[in-house]
Every structure is written in C-alpha cells, then in structure tokens.
Amino acid sequence: MSTATFTVTGMTCGHCVSSVKEEVSEVPGVLDVQVELAGGLLTVSSDGEVDRAAVRAAVAEAGYSAEDGAKVTQ
C-alpha cells in the first residue's frame with residue numbers, strides 16, 4: 001500500500017470536501033481518501049502506486065486544482 005499527499009486549492013466548505021472525496025474515491029486502486037479543509041491537504045491511500053495524474057484529474061472533475069505534495073510510502 002502507498003500513500004500520497006496533494007494540496008487542493010479552491011475548497012471553501014464541507015460540500016467542497018465531500019465533492020473531492022467522492023471523485024478521488026472513484027480512481028482505480030484508491031482505498032482511502034482524507035481531506036483537510038483548513039490546509040487543503042488531500043491524502044490518498046492506494047493498493048499500489050498512487051496514480052497522481054488520475055488523482056489530479058479527479059480533483060479537477062470536482063472543480064478544484066491539486067498540486068503534488070510529499071510522497072509517503074507505508
């Protein structure tokens with residue numbers, strides 16, 4: 001399992017968080033999605049290497065933008 005972090009910009013409320021979680025959860029291989037509204041931190045856990053491009057595309061589909069953060073592998 002691997003974990004990757006992203007910084008999401010444009011989120012302003014709980015609905016924003018829900019939208020991002022819903023879209024990113026649909027990325028193949030994603031097991032868990034955590035979103036912190038205050039800091040814009042998105043943490044994605046996957047059963048294999050996190051597909052960063054797919055996660056960024058999912059965030060864009062939700063109406064926001066994401067930049068890669070630190071990569072953490074567990």
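Just so it is clear, the model here is predicted, and its values are computed rather than measured.

### Some thoughts on the pattern of salt bridges
Line of reasoning, step 1. Counted under the stated rule, the structure contains 2 salt bridges.
Line of reasoning, step 2. The partner of Asp68 in a salt bridge is Arg52, with the nearest N and O atoms 3.5 Å apart. Here Asp68 is found in strand S4 (residues 65–73), whereas its partner Arg52 is found in helix H2 (residues 52–61), with 16 residues between them in sequence.
Line of reasoning, step 3. With relative accessibility at 16%, the residue Arg52 sits in the buried group.
Line of reasoning, step 4. The salt bridge involving Asp68 is made with Arg56; its shortest N-O contact spans 2.8 Å. One end of the pair, Asp68, is in strand S4; the other, Arg56, is in helix H2, and 12 residues separate them in sequence.
Line of reasoning, step 5. A relative accessible area of 42% means that Asp68 is categorised as partly exposed.
Line of reasoning, step 6. One network of salt bridges, in which partners are shared, links Arg52, Arg56 and Asp68.

### Looking at the pairing of strand S1 (residues 2–9)
Line of reasoning, step 1. Counting buried residues along S1, 6 of its 8 residues qualify, which places the element largely inside the surrounding structure.
Line of reasoning, step 2. In this structure, S1 lies alongside strand S3 (residues 41–46), joined through 6 bridges in antiparallel fashion. Residue pairing across strands places Thr5 opposite Thr43, the latter belonging to S3.

### Some thoughts on the state of the cysteines
A covalent bond between the sulfur atoms of two cysteines is what we call a disulfide.
Line of reasoning, step 1. If you walk through the whole model with that rule in mind, you get 0 disulfides.
Line of reasoning, step 2. You can see Cys16 has no disulfide; the closest cysteine sulfur is in Cys13, sitting 3.4 Å from it.
Line of reasoning, step 3. Judged by its relative accessible area of 6%, Cys16 falls in the buried class.

The rules behind the values
Residues numbered from 1 in each chain as written. Predicted model: local features only at pLDDT ≥ 70, side-chain atom pairs only at ≥ 80, totals over all residues. Heavy atoms only, no water. Salt bridge = Lys/Arg side-chain N within 4 Å of Asp/Glu carboxyl O. Helix = DSSP H or I, 4+ residues; strand = E, 2+ residues; numbered from the N terminus. Buried < 20%, exposed > 50% of the residue type's maximum accessible area, 1.4 Å probe, protein only. Pairing = 2+ DSSP bridges. Disulfide = S-S within 2.5 Å.

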